[in-house]
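Summary of the model geometry
The primary structure of each chain is shown beneath.
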Amino acid sequence: MSHFTSRLQRAGRCLRVIGIGTIVGLVSTCVGAAPLPVDYAETVLHSFSGFDGARPTGELVETDDGAVLGTTSSGGTSGNFGTVFHIDADGRHTVLHEFAGSDGANPNAGLVRGPDGAYYGTTGAGGAAGLGTVFRIAADGSGFANLHSFGDADGAAPASSLMLASDGNFYGTTFCCGSISTSGSVFRMTPAGVVSNLYRLRGGVDGSGVYAGLVEGPDGALYGAALTEGGVDNAGTVFRVTKAGQFSVLHTFTATGGGSGPSGGLLFGSDGSLFGTTAYAGPAASDFNRGGTVFRLAPNGSLSVLRGFSGDANGGLLFGGLSRAANGRWYGTTFSGGSGNGVVYSLANDGSDFRRLYAFRGTPLAANPYAGVLESRTGDLVGTSFAGGQAGMGSVYRLRPFTPAPTVSFASAALDTPPANLRGDSVTTIGVTLSYAPTSTVTVPVTVGGSEPASRYRVSPAGSVTFAPGQTTANITVTVTAPALLQCERTIELTLAPTATALLGPVPTATVTIRTPAPLLTRLLCGRQQP
């Protein structure tokens, strides 16, 4: 497995830490305590080779025992039709099912757990008519069944996950096609696998091409998004459909305003608003294909862009949807931006406080995630990447949060000795800082050098500087004994050394320049270089 550590400062949540890199729980309140920085260590749990699957585009789902299940859109040994896979808590990968075409092909979405404990998913192609399927499979790979093959009359090419609703039925969408509707549909499937259409999108004002999944609202209705059409910009729509099939458009996107191409699923916030993403455009995008937005659709129908993306270091192209963090924030991913391989980001519940959490590094690590990210029970972030991995065919990655050692730094890089005191000594105080308050004692070695003879000064404390728990500042004093009236300038250099409990900050060296009491005479003695 490959590892890479990303140095980031993420404030906003307090963590209870035992040692470096071990997070044992979230602290619900942080009164009187500054939040600790959080870094992420990337581990590639599995690199797809093609024979065991390739190009995963769907979200992962976590099982009761800490394993994750997912799909690959292609690969396998049965004709490049994709797979269903299992990765246990120790990172061991198992192919649970290889699609053969007749039983489905090319699953683009993740799985959802049913009331019977089995997992349900869709394929975008294959089946009896070659137009996609709905299937069921157990977590151990047993009991695979093709529950429904889409035909000409009930839509085709489902590209999203199913949603298990409060009435015990599954609901989903198809992307396109069929003789009745070429713009996608919303369907219902009973636990027995009986599929019926709720609504067939007509294109135009309805929108077209439903790539995102559905979410059930507090009112029991279903909410979703169409990828294109809807208005003059063909930028897509957000819609509502009741379980009786009554359809209404809640919002029509405009490319330069709210973004274009909502392809990730919607989620409800605590205020009753819908939150989602668009893949393209938006107010921050100078290039249509480098943009994307995170948006909020209020209950009154007004849409606000919470974050616009431009393909820069903070990401671009939001194909995946949002997910909810345990601390109430939103998580998301971008396909591009960062260092070119996409990023993981988070926002506060109201869309403020954007943070880029991690920038993917590319092969042999993960690259270009199509799907969103899942926060596991252990607090790790896990997901799939469309590219990257050892073979460049995609991966399953884990981002593990940890608290890094604080950084230590001098408050100033250059100081001059002040005038001598009554004893004839010149005392310089040098500040030393830690980037955050430690939970245990931190001792940092300090070496001393420079052109001033060691016999003419003393440093206190000598050899190291120590920070008690909770302490972020300390002082070192340099005392020059009776500076000579006439001598060329000399220096004393103090250098901090990194340890396992403190890393070097931006100013690891401080230079004290010894100024003489008679600078004009010193200039004559030592030359023009003296002040």
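Definitions and cut-offs
- Residues numbered from 1 in each chain as written.
- Predicted model: local features only at pLDDT ≥ 70, side-chain atom pairs only at ≥ 80, totals over all residues.
- Heavy atoms only, no water.
- Helix = DSSP H or I, 4+ residues; strand = E, 2+ residues; numbered from the N terminus.
- Buried < 20%, exposed > 50% of the residue type's maximum accessible area, 1.4 Å probe, protein only.
- Contact = heavy atoms within 4.5 Å.
- Areas by Shrake-Rupley, 256 points an atom, 1.4 Å probe, with all protein chains shown as cover.
- Salt bridge = Lys/Arg side-chain N within 4 Å of Asp/Glu carboxyl O.
- Polar contact = N/O pair within 3.5 Å; in protein donor to acceptor, adjacent residues only side chain to side chain.
- Pairing = 2+ DSSP bridges.
- Core = buried A, V, L, I, M, F, W, Y, C linked by side-chain atoms within 4.5 Å.
- pLDDT = per-residue confidence, 0-100.
- 1 Å grid on protein atoms, 1.4 Å probe; cavity = no way out; pocket = protein on both sides within 12 Å on 5 of 7 lines; lining within 4 Å.
- Points joined across faces, edges and corners; volume = space filled by probe spheres on them.
- Nonpolar A, V, L, I, M, F, W, Y, C, P; charged D, E, K, R; others polar.

1. Topic: the overall build of the protein chain
Of regular secondary structure, the protein chain possesses one helix and 43 strands. Put simply, the protein chain has 531 residues, and 53% of those count as buried. Relative to all contacts within the protein chain whose residues are 6 or more apart in sequence, the contacts with residues 24 or more apart total 52%. As displayed, the protein chain offers around 20800 Å² of accessible surface, 55% of which is attributable to carbon and sulfur atoms.

2. What about the pattern of salt bridges?
For the structure shown, the criterion picks out 14 salt bridges. Between Asp 219 and Arg 240 there is a salt bridge; the shortest N-O distance is 3.1 Å. In this pair, Asp 219 sits in the loop between β17 (215-216) and β18 (222-226) while Arg 240 sits in strand β19 (residues 237-241), placing the two residues 21 residues apart along the sequence. Its salt-bridge partner being Asp 353, residue Arg 329 comes within 3.0 Å of it at the nearest N-O pair. With a gap of 24 residues between them, Arg 329 in the loop between β25 (323-324) and β26 (330-334) and Asp 353 in the loop between β27 (343-347) and β28 (355-359) connect regions that are remote in the sequence. Here the residues in one salt-bridge network are Glu 62, Asp 64, Arg 113 and Arg 377, joined through shared partners.

3. Considerations on the side chain of Asp 52
In this structure, Asp 52 sits in the loop between β4 (39-47) and β5 (61-62). Among the polar contacts listed, one links the side chain of Asp 52 to the side chain of His 46, at a separation of 2.6 Å. Separated by 2.8 Å, the side chain of Asp 52 and the backbone nitrogen of Ser 49 make a polar contact. Sequence-distant contacts of Asp 52, defined by excluding residues within four places in its chain, comprise His 46, Ser 47, Thr 83, His 93 and Val 95.

4. A closer look at the sheet that holds strand β34 (residues 407-410)
With mixed pairing, the five strands of this open sheet are ordered in space as β38-β40-β36-β34-β42. Strand pairing shows two members of the sheet lacking a second neighbour, β38 (457-460) and β42 (503-504), which therefore form its edges. Here three bridges tie β34 to strand β36 (residues 426-434), and the two strands are oriented antiparallel to one another. Of the residues in β36, the one forming a bridge with Val 408 is Leu 434.

5. Section: the side chain of Ser 323
Mapped onto the elements of the fold, Ser 323 is located in strand β25. Exposure remark for Ser 323: the relative accessible area of 16% places this residue in the buried category. In terms of polar contacts, Ser 323 uses its side chain to reach the backbone carbonyl oxygen of Val 373, at 2.6 Å. Not counting chain neighbours up to four residues away, the residues in contact with Ser 323 comprise Leu 267, Arg 329, Trp 330, Tyr 331 and Val 373.

6. Concerning unusual backbone geometry
Glycine aside, the phi torsion of most residues is negative, and most peptide linkages are trans. The residue after Thr 363, namely Pro 364, is reached through a cis peptide bond having omega 10 degrees. Note on placement: Pro 364 falls in the loop between β28 and β29 (366-367). The omega torsion of the bond from Ser 460 to Pro 461 falls at -5 degrees, within 30 degrees of zero and hence cis. When you line up the elements, Pro 461 lands in the loop between β38 and β39 (464-467). With a phi close to 60 degrees, Asn 106 is a non-glycine residue in the positive phi region. If you trace the backbone, Asn 106 turns up in the loop between β8 (93-98) and β9 (112-113). Asn 106 sits in the partly exposed class, given a relative accessible area of 24%. We note that Ala 157 has phi near 60 degrees; this positive angle belongs to a residue other than glycine.

7. Things to note about the nonpolar core
The biggest cluster of nonpolar side chains holds 25 residues, and the ones touching the most others in it are Phe 410, Phe 467 and Leu 494. Contributions of two or more residues to this core are made by β34, β36, β37 (442-449), β38, β39, β40 (473-480), β41 (490-496) and β43 (509-514). In terms of residues, this core owes the most to one element, β40, which gives four residues. Aside from chain neighbours lying at most four places away, what touches Phe 410 is Ile 430, Gly 431, Val 432, Ile 476, Leu 494, Thr 495, Leu 496, Val 507, Pro 508, Thr 509 and Ala 510.

8. Some thoughts on the pairing of strand β24 (residues 303-308)
With five bridges connecting them, strand β23 (residues 293-297) and β24 associate as antiparallel partners. Along β24, the bridge assignment pairs Val 294 with Arg 307. Here β23 hands over to β24 after five residues, with Gly 301 in that stretch at a positive phi of 95 degrees.

9. A short note on the confidence of the model for the protein chain
In regions of low pLDDT, the predicted coordinates are not meant to be interpreted in detail. Model confidence for the protein chain is summarised by a mean pLDDT of 88, while 87% of its residues fall at 70 or above. Within the model, the stretch residues 1-33 combines pLDDT values under 50 with 86 contacts to residues more than four positions away or in other chains.

10. Side note on the sheet that holds β23
One open sheet accounts for four strands, arranged β21-β22-β23-β24; its pairing is antiparallel. Every other strand in the sheet has two partners, leaving β21 (267-268) and β24 as the edge strands with one partner each.

11. Some details on the layout of surface pockets
Volume-wise, the largest pocket comes out at about 810 Å³. Lining of the largest pocket is provided by 39 residues; of these, Glu 59, Ser 161, Gly 265, Leu 267 and Leu 322 occupy positions nearest its centre. Those elements that provide at least two residues to the lining of the largest pocket are β9, β13 (163-164), β17 and β25. Looking at side-chain class alone, the lining of the largest pocket contains 21 nonpolar, 14 polar and four charged residues.

12. Here we look at the environment of Ala 391
Residue position: Ala 391 is located in the loop between β32 (387-388) and β33 (395-402). Of the residues examined, Ala 391 reaches a relative accessible area of 44% and is grouped as partly exposed. With 342 residues separating them in the primary sequence, Ala 391 and Ser 49 have C-alpha atoms 5.7 Å apart.

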